[in-house]
Amino acid sequence: YVKYGVASGLDIDKFAGRLSFFFAIGMNFFMEVAKLRAARVLWHRAMTQLGARDERSKMLRTHCQTSGVSLTEQDPYNNVIRTTIEAMAAMLGGTQSLHTNALDEAIALPTDFSARIARNTQIVLQEETGMTKVVDPLGGSYYVESLTQSLVDGAWELIERIEAEGGMAKAVAAGWPKAMIEEASAARAAKVDRGEDVIVGVNKYRLADEAPVEILDIDNHAVRAGQVARIARVKAARNEAACRAALDALRDGARAKDNLLALAVEAARARATLGEISAALEDVFGRYGTQPTPVSGIYGGAYAEDERWARLIRGVEAVERRLGRKPRLFVAKMGQDGHDRGANLVSSMFGDLGFDVVAGALFQTPEEAAQLALARDVDVVGASSLAAGHKTLIPELIGHLRDAGRADIKVIAGGVIPAQDYQALYDAGVQAIFGPGTNLVKAAEDVLRLLGHNMPPETGE
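Position numbers for residues start from 1 in each chain and track the written sequence from start to end. A pLDDT threshold of at least 70 governs which residues receive local features in this predicted model, and a stricter bar of 80 or more applies before side-chain atom pairs are shown or counted, although totals over entire chains, interfaces and linings include all residues. Excluded from the side-chain calculation are hydrogens and water; included are all heavy atoms of the structure.

**Considering the packing of aromatic side chains**
Here's step 1: Between 30 and 60 degrees the pair is tilted, below 30 it is stacked and above 60 it is edge-to-face, where a pair is any two Phe, Tyr or Trp rings, Trp via its six-membered ring, whose centres lie within 6.5 Å. All chains considered together, the criterion is met by nine aromatic pairs.
Here's step 2: Put simply, the rings of Phe21, Phe23 and Trp43 touch in pairs and so form one group of aromatic residues.
Here's step 3: Remark: a charge is flagged as sitting over a ring if the NZ atom of Lys or the CZ atom of Arg is within 6 Å of the ring centre and within 35 degrees of the ring normal. Its end group placed over the ring of Trp156, Arg45 keeps NZ or CZ at 4.7 Å from the ring centre.
Here's step 4: Positioned above the aromatic ring of Trp176 is the side chain of Arg161, whose terminal nitrogen or guanidinium carbon lies 3.6 Å from the ring centre.

The following block contains the structure:
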(Lines give C-alpha, C1' and ligand atoms only; values in the text may rest on other atoms or scores of the structure.)
Protein backbone atom coordinates (compact mmCIF):
# COMPACT_ATOMS: atom_id res chain seq x y z
CA TYR A 1 0.00 0.00 0.00
CA VAL A 2 2.75 2.43 0.90
CA LYS A 3 4.64 1.68 -2.31
CA TYR A 4 1.54 2.38 -4.39
CA GLY A 5 0.89 5.58 -2.46
CA VAL A 6 4.42 6.83 -3.05
CA ALA A 7 4.27 5.80 -6.72
CA SER A 8 1.11 7.90 -7.13
CA GLY A 9 3.00 10.98 -5.91
CA LEU A 10 2.11 11.06 -2.21
CA ASP A 11 4.68 11.98 0.43
CA ILE A 12 5.17 8.90 2.61
CA ASP A 13 5.20 11.00 5.78
CA LYS A 14 1.81 12.49 4.85
CA PHE A 15 -0.02 9.18 5.07
CA ALA A 16 2.09 6.34 6.55
CA GLY A 17 1.34 7.46 10.10
CA ARG A 18 -2.40 7.07 9.42
CA LEU A 19 -2.19 3.44 8.35
CA SER A 20 -3.30 0.93 10.94
CA PHE A 21 -3.44 -2.83 11.42
CA PHE A 22 -5.90 -5.33 12.87
CA PHE A 23 -4.52 -8.38 14.67
CA ALA A 24 -6.36 -11.38 16.09
CA ILE A 25 -5.11 -12.48 19.51
CA GLY A 26 -5.16 -16.15 20.44
CA MET A 27 -4.45 -18.25 23.51
CA ASN A 28 -0.66 -18.74 23.12
CA PHE A 29 -0.09 -15.95 25.63
CA PHE A 30 3.59 -15.12 25.34
CA MET A 31 3.60 -15.71 21.59
CA GLU A 32 0.78 -13.20 21.17
CA VAL A 33 2.67 -10.58 23.18
CA ALA A 34 5.77 -11.26 21.09
CA LYS A 35 3.72 -11.04 17.88
CA LEU A 36 2.76 -7.41 18.50
CA ARG A 37 6.29 -6.53 19.59
CA ALA A 38 7.65 -8.12 16.40
CA ALA A 39 5.11 -6.25 14.28
CA ARG A 40 6.40 -2.93 15.66
CA VAL A 41 9.98 -3.86 14.74
CA LEU A 42 8.94 -4.91 11.23
CA TRP A 43 6.86 -1.80 10.57
CA HIS A 44 9.67 0.49 11.73
CA ARG A 45 12.12 -1.37 9.50
CA ALA A 46 9.85 -1.35 6.47
CA MET A 47 8.98 2.35 6.73
CA THR A 48 12.62 3.29 7.23
CA GLN A 49 13.62 1.34 4.12
CA LEU A 50 10.86 3.03 2.13
CA GLY A 51 12.18 6.46 3.04
CA ALA A 52 10.03 7.66 5.94
CA ARG A 53 11.68 10.39 8.01
CA ASP A 54 8.95 11.28 10.51
CA GLU A 55 9.12 8.93 13.49
CA ARG A 56 5.31 8.86 13.62
CA SER A 57 5.35 7.18 10.21
CA LYS A 58 7.36 4.34 11.74
CA MET A 59 5.11 3.78 14.77
CA LEU A 60 2.82 0.75 14.45
CA ARG A 61 -0.83 1.59 15.02
CA THR A 62 -2.92 -1.49 15.69
CA HIS A 63 -6.30 -2.64 16.86
CA CYS A 64 -6.71 -6.15 18.27
CA GLN A 65 -9.63 -8.51 18.71
CA THR A 66 -9.68 -11.55 20.91
CA SER A 67 -9.99 -14.79 18.98
CA GLY A 68 -13.26 -16.21 17.76
CA VAL A 69 -11.58 -19.54 17.02
CA SER A 70 -10.72 -20.12 20.68
CA LEU A 71 -14.34 -19.67 21.81
CA THR A 72 -16.25 -22.87 22.53
CA GLU A 73 -19.90 -23.81 22.40
CA GLN A 74 -19.29 -26.36 25.16
CA ASP A 75 -19.07 -25.00 28.73
CA PRO A 76 -19.20 -21.46 27.29
CA TYR A 77 -18.54 -19.59 30.55
CA ASN A 78 -14.92 -20.68 30.10
CA ASN A 79 -14.89 -18.19 27.23
CA VAL A 80 -14.86 -15.32 29.73
CA ILE A 81 -11.52 -16.62 30.98
CA ARG A 82 -10.17 -17.10 27.48
CA THR A 83 -11.14 -13.60 26.42
CA THR A 84 -9.54 -12.12 29.53
CA ILE A 85 -6.26 -13.93 28.86
CA GLU A 86 -6.25 -12.81 25.23
CA ALA A 87 -7.12 -9.23 26.18
CA MET A 88 -4.18 -9.20 28.60
CA ALA A 89 -1.85 -10.44 25.87
CA ALA A 90 -3.01 -7.66 23.54
CA MET A 91 -2.55 -5.05 26.24
CA LEU A 92 0.90 -6.29 27.28
CA GLY A 93 1.88 -6.45 23.62
CA GLY A 94 0.99 -2.80 23.12
CA THR A 95 -2.29 -2.61 21.23
CA GLN A 96 -3.86 0.84 20.86
CA SER A 97 -7.46 -0.38 20.92
CA LEU A 98 -9.19 -3.63 21.66
CA HIS A 99 -12.33 -5.65 20.93
CA THR A 100 -13.23 -8.35 23.45
CA ASN A 101 -15.52 -11.15 22.30
CA ALA A 102 -18.58 -12.19 24.26
CA LEU A 103 -18.87 -15.58 25.93
CA ASP A 104 -21.71 -16.77 23.68
CA GLU A 105 -20.29 -15.88 20.26
CA ALA A 106 -19.58 -19.53 19.45
CA ILE A 107 -23.30 -20.14 19.89
CA ALA A 108 -25.12 -17.07 18.58
CA LEU A 109 -24.88 -13.31 18.32
CA PRO A 110 -24.13 -11.75 21.73
CA THR A 111 -26.84 -10.80 24.19
CA ASP A 112 -26.72 -7.51 26.10
CA PHE A 113 -25.71 -9.54 29.16
CA SER A 114 -22.73 -11.22 27.48
CA ALA A 115 -21.67 -8.05 25.66
CA ARG A 116 -21.56 -6.18 28.99
CA ILE A 117 -19.22 -8.80 30.46
CA ALA A 118 -17.00 -8.50 27.38
CA ARG A 119 -16.91 -4.71 27.70
CA ASN A 120 -16.29 -4.82 31.44
CA THR A 121 -13.37 -7.18 30.89
CA GLN A 122 -11.62 -4.28 29.21
CA ILE A 123 -12.69 -1.77 31.81
CA VAL A 124 -11.43 -3.92 34.70
CA LEU A 125 -8.08 -4.42 32.98
CA GLN A 126 -7.85 -0.70 32.30
CA GLU A 127 -9.03 0.63 35.65
CA GLU A 128 -8.05 -2.01 38.23
CA THR A 129 -4.81 -3.67 37.16
CA GLY A 130 -2.33 -0.87 36.46
CA MET A 131 -1.36 -2.53 33.17
CA THR A 132 -1.99 0.63 31.16
CA LYS A 133 0.59 2.55 33.20
CA VAL A 134 3.51 0.49 31.86
CA VAL A 135 5.00 0.52 28.36
CA ASP A 136 6.23 -2.88 27.14
CA PRO A 137 6.23 -4.49 30.61
CA LEU A 138 7.58 -7.83 29.33
CA GLY A 139 10.46 -6.23 27.44
CA GLY A 140 13.77 -7.60 28.71
CA SER A 141 12.40 -11.04 29.47
CA TYR A 142 14.76 -13.48 27.77
CA TYR A 143 11.85 -15.69 26.71
CA VAL A 144 9.74 -12.86 25.28
CA GLU A 145 12.72 -11.22 23.57
CA SER A 146 13.71 -14.56 22.03
CA LEU A 147 10.17 -15.19 20.79
CA THR A 148 9.98 -11.67 19.40
CA GLN A 149 13.23 -12.05 17.50
CA SER A 150 12.22 -15.44 16.08
CA LEU A 151 8.99 -13.91 14.78
CA VAL A 152 10.83 -10.92 13.34
CA ASP A 153 13.26 -13.18 11.50
CA GLY A 154 10.64 -15.63 10.24
CA ALA A 155 8.23 -12.93 9.14
CA TRP A 156 10.96 -10.97 7.38
CA GLU A 157 11.87 -14.06 5.36
CA LEU A 158 8.26 -14.24 4.19
CA ILE A 159 8.20 -10.52 3.40
CA GLU A 160 11.36 -10.87 1.32
CA ARG A 161 9.86 -13.84 -0.52
CA ILE A 162 6.74 -11.80 -1.27
CA GLU A 163 8.83 -8.90 -2.55
CA ALA A 164 10.93 -11.22 -4.71
CA GLU A 165 7.78 -12.66 -6.29
CA GLY A 166 6.30 -9.27 -7.18
CA GLY A 167 4.37 -8.14 -4.12
CA MET A 168 1.49 -9.26 -1.92
CA ALA A 169 -1.20 -8.94 -4.59
CA LYS A 170 0.62 -11.49 -6.73
CA ALA A 171 1.23 -13.73 -3.71
CA VAL A 172 -2.49 -13.67 -2.88
CA ALA A 173 -3.35 -14.48 -6.49
CA ALA A 174 -0.88 -17.37 -6.41
CA GLY A 175 -2.58 -18.63 -3.24
CA TRP A 176 0.42 -19.63 -1.15
CA PRO A 177 -0.13 -17.31 1.87
CA LYS A 178 -3.68 -18.64 2.18
CA ALA A 179 -2.41 -22.20 1.83
CA MET A 180 0.04 -21.67 4.71
CA ILE A 181 -2.81 -20.47 6.90
CA GLU A 182 -5.01 -23.42 5.94
CA GLU A 183 -2.20 -25.90 6.59
CA ALA A 184 -1.65 -24.47 10.08
CA SER A 185 -5.40 -24.55 10.73
CA ALA A 186 -5.73 -28.19 9.66
CA ALA A 187 -2.72 -29.26 11.73
CA ARG A 188 -4.11 -27.50 14.80
CA ALA A 189 -7.59 -29.00 14.35
CA ALA A 190 -6.16 -32.50 14.04
CA LYS A 191 -4.23 -32.04 17.30
CA VAL A 192 -7.41 -30.91 19.06
CA ASP A 193 -9.46 -33.80 17.66
CA ARG A 194 -6.77 -36.27 18.75
CA GLY A 195 -6.61 -34.69 22.22
CA GLU A 196 -2.98 -33.64 21.82
CA ASP A 197 -3.95 -29.99 22.33
CA VAL A 198 -6.34 -29.55 25.24
CA ILE A 199 -9.47 -27.43 25.01
CA VAL A 200 -10.99 -27.32 28.48
CA GLY A 201 -14.62 -28.38 28.44
CA VAL A 202 -14.37 -29.76 24.90
CA ASN A 203 -11.84 -32.58 24.64
CA LYS A 204 -10.95 -32.67 28.34
CA TYR A 205 -12.85 -31.88 31.56
CA ARG A 206 -16.10 -32.12 29.62
CA LEU A 207 -19.26 -31.61 31.66
CA ALA A 208 -21.63 -34.56 31.76
CA ASP A 209 -24.63 -32.22 31.54
CA GLU A 210 -24.50 -28.67 30.24
CA ALA A 211 -27.19 -26.16 31.14
CA PRO A 212 -28.50 -24.18 28.15
CA VAL A 213 -27.28 -20.61 27.82
CA GLU A 214 -29.74 -17.82 27.11
CA ILE A 215 -29.09 -16.61 23.58
CA LEU A 216 -30.09 -13.72 21.37
CA ASP A 217 -32.71 -14.94 18.93
CA ILE A 218 -32.80 -13.03 15.63
CA ASP A 219 -35.93 -13.06 13.48
CA ASN A 220 -34.19 -13.05 10.11
CA HIS A 221 -37.44 -12.68 8.20
CA ALA A 222 -38.32 -9.54 10.16
CA VAL A 223 -34.82 -8.11 9.73
CA ARG A 224 -34.94 -8.70 5.99
CA ALA A 225 -38.40 -7.19 5.66
CA GLY A 226 -37.31 -4.14 7.65
CA GLN A 227 -34.21 -3.61 5.52
CA VAL A 228 -36.18 -4.00 2.28
CA ALA A 229 -38.73 -1.45 3.50
CA ARG A 230 -35.98 0.97 4.52
CA ILE A 231 -34.33 0.75 1.10
CA ALA A 232 -37.70 1.29 -0.57
CA ARG A 233 -38.22 4.48 1.49
CA VAL A 234 -34.77 5.79 0.54
CA LYS A 235 -35.36 5.14 -3.15
CA ALA A 236 -38.79 6.74 -3.07
CA ALA A 237 -37.47 9.93 -1.46
CA ARG A 238 -34.31 10.47 -3.53
CA ASN A 239 -33.78 12.46 -6.72
CA GLU A 240 -33.72 9.53 -9.11
CA ALA A 241 -32.16 11.45 -11.99
CA ALA A 242 -29.32 12.71 -9.81
CA CYS A 243 -28.76 9.21 -8.44
CA ARG A 244 -28.60 7.67 -11.92
CA ALA A 245 -26.20 10.39 -13.06
CA ALA A 246 -23.91 9.73 -10.10
CA LEU A 247 -23.91 6.00 -10.82
CA ASP A 248 -23.16 6.65 -14.50
CA ALA A 249 -20.27 8.90 -13.45
CA LEU A 250 -18.99 6.08 -11.25
CA ARG A 251 -19.07 3.68 -14.21
CA ASP A 252 -17.27 6.21 -16.39
CA GLY A 253 -14.68 6.72 -13.66
CA ALA A 254 -14.12 2.97 -13.39
CA ARG A 255 -13.47 2.79 -17.13
CA ALA A 256 -11.10 5.78 -16.96
CA LYS A 257 -9.40 4.57 -13.74
CA ASP A 258 -10.33 7.76 -11.89
CA ASN A 259 -10.63 8.20 -8.11
CA LEU A 260 -13.44 5.76 -7.42
CA LEU A 261 -13.69 6.59 -3.72
CA ALA A 262 -14.66 10.20 -4.47
CA LEU A 263 -17.16 9.10 -7.10
CA ALA A 264 -18.65 6.47 -4.76
CA VAL A 265 -19.06 9.12 -2.05
CA GLU A 266 -20.93 11.33 -4.51
CA ALA A 267 -23.17 8.42 -5.45
CA ALA A 268 -23.89 7.78 -1.78
CA ARG A 269 -24.74 11.45 -1.29
CA ALA A 270 -27.23 11.04 -4.12
CA ARG A 271 -28.68 8.18 -2.01
CA ALA A 272 -27.52 5.32 -4.18
CA THR A 273 -27.52 2.13 -2.15
CA LEU A 274 -24.40 0.09 -1.46
CA GLY A 275 -25.78 -2.60 -3.75
CA GLU A 276 -26.25 -0.12 -6.59
CA ILE A 277 -22.75 1.30 -6.14
CA SER A 278 -21.29 -2.22 -6.17
CA ALA A 279 -23.36 -3.18 -9.20
CA ALA A 280 -22.14 -0.11 -11.10
CA LEU A 281 -18.53 -1.15 -10.51
CA GLU A 282 -19.39 -4.74 -11.40
CA ASP A 283 -20.71 -3.52 -14.76
CA VAL A 284 -17.16 -2.41 -15.59
CA PHE A 285 -14.90 -4.78 -13.68
CA GLY A 286 -16.99 -7.93 -13.43
CA ARG A 287 -17.34 -9.86 -10.19
CA TYR A 288 -14.36 -11.40 -8.44
CA GLY A 289 -15.04 -15.05 -7.72
CA THR A 290 -13.36 -16.67 -4.75
CA GLN A 291 -11.86 -20.03 -5.61
CA PRO A 292 -11.33 -22.04 -2.41
CA THR A 293 -8.51 -24.54 -2.76
CA PRO A 294 -8.48 -26.82 0.29
CA VAL A 295 -5.09 -28.07 1.37
CA SER A 296 -4.48 -31.81 1.34
CA GLY A 297 -2.54 -34.27 3.44
CA ILE A 298 -2.24 -32.15 6.59
CA TYR A 299 -5.23 -33.39 8.60
CA GLY A 300 -4.97 -36.92 7.26
CA GLY A 301 -1.22 -36.94 7.89
CA ALA A 302 -1.81 -36.41 11.59
CA TYR A 303 -3.98 -39.56 11.62
CA ALA A 304 -1.65 -41.67 9.48
CA GLU A 305 -1.22 -44.39 12.11
CA ASP A 306 -4.72 -44.15 13.59
CA GLU A 307 -6.95 -47.21 13.17
CA ARG A 308 -10.09 -45.12 13.49
CA TRP A 309 -8.97 -43.03 10.50
CA ALA A 310 -8.12 -46.20 8.54
CA ARG A 311 -11.61 -47.52 9.32
CA LEU A 312 -13.12 -44.33 7.92
CA ILE A 313 -11.10 -44.61 4.73
CA ARG A 314 -12.35 -48.17 4.29
CA GLY A 315 -15.87 -46.86 4.76
CA VAL A 316 -15.38 -44.21 2.07
CA GLU A 317 -13.98 -46.87 -0.27
CA ALA A 318 -17.03 -49.04 0.37
CA VAL A 319 -19.36 -46.16 -0.53
CA GLU A 320 -17.27 -45.50 -3.64
CA ARG A 321 -17.67 -49.10 -4.78
CA ARG A 322 -21.43 -48.91 -4.29
CA LEU A 323 -21.82 -45.57 -6.09
CA GLY A 324 -19.31 -46.32 -8.83
CA ARG A 325 -17.51 -43.07 -7.98
CA LYS A 326 -16.21 -41.23 -4.95
CA PRO A 327 -18.86 -39.82 -2.60
CA ARG A 328 -19.24 -36.13 -3.39
CA LEU A 329 -19.54 -33.42 -0.72
CA PHE A 330 -20.31 -29.78 -1.50
CA VAL A 331 -19.23 -27.37 1.27
CA ALA A 332 -21.42 -24.28 0.84
CA LYS A 333 -20.98 -20.75 2.18
CA MET A 334 -24.20 -18.81 1.74
CA GLY A 335 -25.15 -15.27 2.69
CA GLN A 336 -23.00 -12.40 3.88
CA ASP A 337 -20.66 -14.59 5.90
CA GLY A 338 -16.99 -14.21 5.07
CA HIS A 339 -15.71 -16.62 7.71
CA ASP A 340 -14.33 -19.56 5.76
CA ARG A 341 -11.88 -21.20 8.20
CA GLY A 342 -14.28 -23.92 9.31
CA ALA A 343 -15.55 -24.61 5.80
CA ASN A 344 -12.03 -24.92 4.44
CA LEU A 345 -11.04 -27.21 7.28
CA VAL A 346 -14.01 -29.50 6.63
CA SER A 347 -13.14 -29.55 2.91
CA SER A 348 -9.54 -30.49 3.66
CA MET A 349 -10.44 -33.24 6.11
CA PHE A 350 -13.06 -34.90 3.89
CA GLY A 351 -10.72 -34.61 0.93
CA ASP A 352 -8.04 -36.46 2.88
CA LEU A 353 -10.57 -39.20 3.59
CA GLY A 354 -11.19 -39.73 -0.12
CA PHE A 355 -14.33 -37.69 -0.73
CA ASP A 356 -14.66 -35.72 -3.95
CA VAL A 357 -15.03 -32.27 -2.36
CA VAL A 358 -16.67 -29.30 -4.09
CA ALA A 359 -15.56 -26.19 -2.19
CA GLY A 360 -18.11 -23.45 -2.76
CA ALA A 361 -17.31 -19.78 -3.20
CA LEU A 362 -18.15 -17.23 -0.52
CA PHE A 363 -21.39 -15.23 -0.50
CA GLN A 364 -23.54 -17.58 -2.56
CA THR A 365 -27.31 -17.30 -2.52
CA PRO A 366 -29.29 -20.46 -1.69
CA GLU A 367 -30.35 -20.63 -5.34
CA GLU A 368 -26.73 -20.42 -6.54
CA ALA A 369 -25.69 -23.09 -4.05
CA ALA A 370 -28.50 -25.37 -5.20
CA GLN A 371 -27.54 -24.88 -8.86
CA LEU A 372 -23.94 -25.84 -8.11
CA ALA A 373 -25.05 -28.89 -6.12
CA LEU A 374 -27.17 -30.03 -9.06
CA ALA A 375 -24.50 -29.31 -11.65
CA ARG A 376 -21.88 -31.31 -9.74
CA ASP A 377 -24.31 -34.11 -8.83
CA VAL A 378 -23.32 -34.08 -5.18
CA ASP A 379 -24.48 -36.55 -2.57
CA VAL A 380 -24.25 -34.22 0.42
CA VAL A 381 -24.35 -30.44 0.88
CA GLY A 382 -22.61 -29.21 4.00
CA ALA A 383 -23.88 -25.70 4.75
CA SER A 384 -21.47 -23.69 6.91
CA SER A 385 -23.08 -20.86 8.87
CA LEU A 386 -21.42 -18.41 11.23
CA ALA A 387 -23.55 -15.29 10.83
CA ALA A 388 -27.01 -16.24 12.13
CA GLY A 389 -28.50 -16.86 8.70
CA HIS A 390 -29.08 -20.58 9.12
CA LYS A 391 -32.82 -20.38 9.79
CA THR A 392 -33.50 -18.73 6.43
CA LEU A 393 -30.66 -19.69 4.09
CA ILE A 394 -30.54 -23.44 4.71
CA PRO A 395 -34.33 -24.05 4.40
CA GLU A 396 -34.27 -22.02 1.16
CA LEU A 397 -31.48 -24.23 -0.18
CA ILE A 398 -33.44 -27.38 0.69
CA GLY A 399 -36.50 -25.92 -1.02
CA HIS A 400 -34.59 -25.29 -4.25
CA LEU A 401 -33.22 -28.85 -4.24
CA ARG A 402 -36.71 -30.27 -3.70
CA ASP A 403 -38.17 -28.09 -6.47
CA ALA A 404 -35.51 -29.51 -8.80
CA GLY A 405 -36.55 -33.04 -7.90
CA ARG A 406 -33.40 -33.75 -5.89
CA ALA A 407 -34.71 -34.18 -2.38
CA ASP A 408 -32.33 -37.15 -2.22
CA ILE A 409 -29.36 -34.81 -1.84
CA LYS A 410 -28.67 -34.79 1.86
CA VAL A 411 -28.18 -31.43 3.55
CA ILE A 412 -26.14 -31.13 6.73
CA ALA A 413 -25.29 -27.97 8.66
CA GLY A 414 -22.36 -26.81 10.71
CA GLY A 415 -21.01 -23.75 12.46
CA VAL A 416 -22.45 -21.30 14.95
CA ILE A 417 -25.95 -22.73 15.32
CA PRO A 418 -27.68 -22.60 18.72
CA ALA A 419 -29.00 -25.91 20.01
CA GLN A 420 -32.38 -24.23 20.37
CA ASP A 421 -32.53 -23.94 16.56
CA TYR A 422 -31.68 -27.56 15.82
CA GLN A 423 -35.26 -28.82 15.75
CA ALA A 424 -36.39 -26.12 13.33
CA LEU A 425 -33.59 -27.14 10.96
CA TYR A 426 -34.42 -30.83 11.33
CA ASP A 427 -38.05 -30.01 10.55
CA ALA A 428 -36.88 -28.17 7.42
CA GLY A 429 -35.04 -31.27 6.23
CA VAL A 430 -31.53 -30.93 7.62
CA GLN A 431 -30.24 -34.43 8.36
CA ALA A 432 -27.31 -33.68 10.69
CA ILE A 433 -25.97 -30.64 12.56
CA PHE A 434 -22.38 -30.16 13.73
CA GLY A 435 -21.75 -27.30 16.13
CA PRO A 436 -18.47 -25.65 17.15
CA GLY A 437 -16.01 -28.04 18.72
CA THR A 438 -17.30 -31.02 16.74
CA ASN A 439 -14.72 -33.75 16.35
CA LEU A 440 -14.38 -34.01 12.58
CA VAL A 441 -13.63 -37.74 12.66
CA LYS A 442 -16.93 -38.29 14.46
CA ALA A 443 -18.65 -36.03 11.92
CA ALA A 444 -17.24 -38.10 9.06
CA GLU A 445 -18.64 -41.26 10.64
CA ASP A 446 -22.08 -39.63 10.80
CA VAL A 447 -21.87 -38.53 7.15
CA LEU A 448 -20.96 -42.05 6.05
CA ARG A 449 -24.00 -43.38 7.91
CA LEU A 450 -26.15 -40.86 6.03
CA LEU A 451 -24.71 -42.27 2.81
CA GLY A 452 -25.86 -45.73 3.81
CA HIS A 453 -22.61 -47.16 5.15
CA ASN A 454 -22.88 -48.84 8.54
CA MET A 455 -20.32 -47.28 10.90
CA PRO A 456 -21.15 -48.73 14.34
CA PRO A 457 -19.54 -46.79 17.18
CA GLU A 458 -16.39 -48.32 18.62
CA THR A 459 -16.42 -49.33 22.25
CA GLY A 460 -15.75 -46.30 24.38
CA GLU A 461 -16.52 -43.68 21.71
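The rest of the description comes next.
**Examining the sheet that holds strand S4 (residues 328-333)**
Here's step 1: Strand order in the open sheet made by the five strands is S5-S4-S6-S7-S8, with parallel pairing throughout. Unpaired on one side and paired on the other, strand S5 (356-359) and strand S8 (432-434) mark the two borders of the sheet. Strand-to-strand twist of the sheet, defined as the mean angle between neighbouring strand axes without regard to direction, takes the value 20 degrees.
Here's step 2: A pair of strands is treated as paired once DSSP finds two or more bridges between them. Secondary structure elements follow DSSP: runs of H or I of four or more residues count as helices, runs of E of two or more count as strands, with numbering from the N terminus. Pairing between strand S6 (residues 380-385) and strand S7 (residues 410-415): six bridges, direction parallel. Of the residues in S7, the one forming a bridge with Val380 is Lys410.
Here's step 3: Note on contacts: a residue pair is in contact if any heavy atoms of the two residues lie within 4.5 Å. Helix axes are fitted only over the stretch in contact, all axes being lines through C-alpha atoms; the angle between N-to-C directions runs from 0 to 180 degrees. Here helix H16 (residues 366-375) sits on the sheet in contact with S4, S5 and S6, set at roughly 165 degrees to S4.
Here's step 4: The sheet contacts of helix H19 (residues 440-450) involve S6, S7 and S8, and relative to S8 the element is tilted by about 170 degrees.

**Some remarks on the nonpolar core**
A general tendency of soluble globular proteins is for nonpolar side chains to be buried together.
Here's step 1: Counting residues in hydrophobic clusters, the biggest one holds 28 residues, and the most contacted among them are Tyr299, Trp309, Met349, Phe350, Leu353, Phe355 and Val447.
Here's step 2: Elements that contribute at least two residues to this core include exactly helix H8 (176-194), helix H14 (307-323), S4, helix H15 (341-353), S8 and H19.
Here's step 3: Among the elements that line this core, the one with the most residues is H19, at six residues.
Here's step 4: Apart from the residues within four sequence positions on either side, Phe355 is in contact with Val316, Pro327, Leu329, Phe350, Val447, Leu448 and Leu451.
Here's step 5: Formed by 23 residues, the second largest nonpolar core is a distinct cluster that contains Ala370, Val381, Ile398 and Tyr422. Here, nonpolar core refers to any group of buried Ala, Val, Leu, Ile, Met, Phe, Trp, Tyr and Cys residues whose side-chain atoms link them within 4.5 Å. To sort residues, take the accessible area from a 1.4 Å probe on protein chains only and compare it with the maximum for the residue type: under 20% means buried, over 50% means exposed, and anything in between is partly exposed.

**Here we look at the domain arrangement of the protein chain**
Here's step 1: Per the domain assignment, the segments of the protein chain are domain 1 (1-174), domain 2 (220-285) and domain 3 (298-451).
Here's step 2: Between domain 1 and domain 2, the C-alpha centre-to-centre distance is 34 Å. Note that domain bounds follow an automatic or database assignment of domains.

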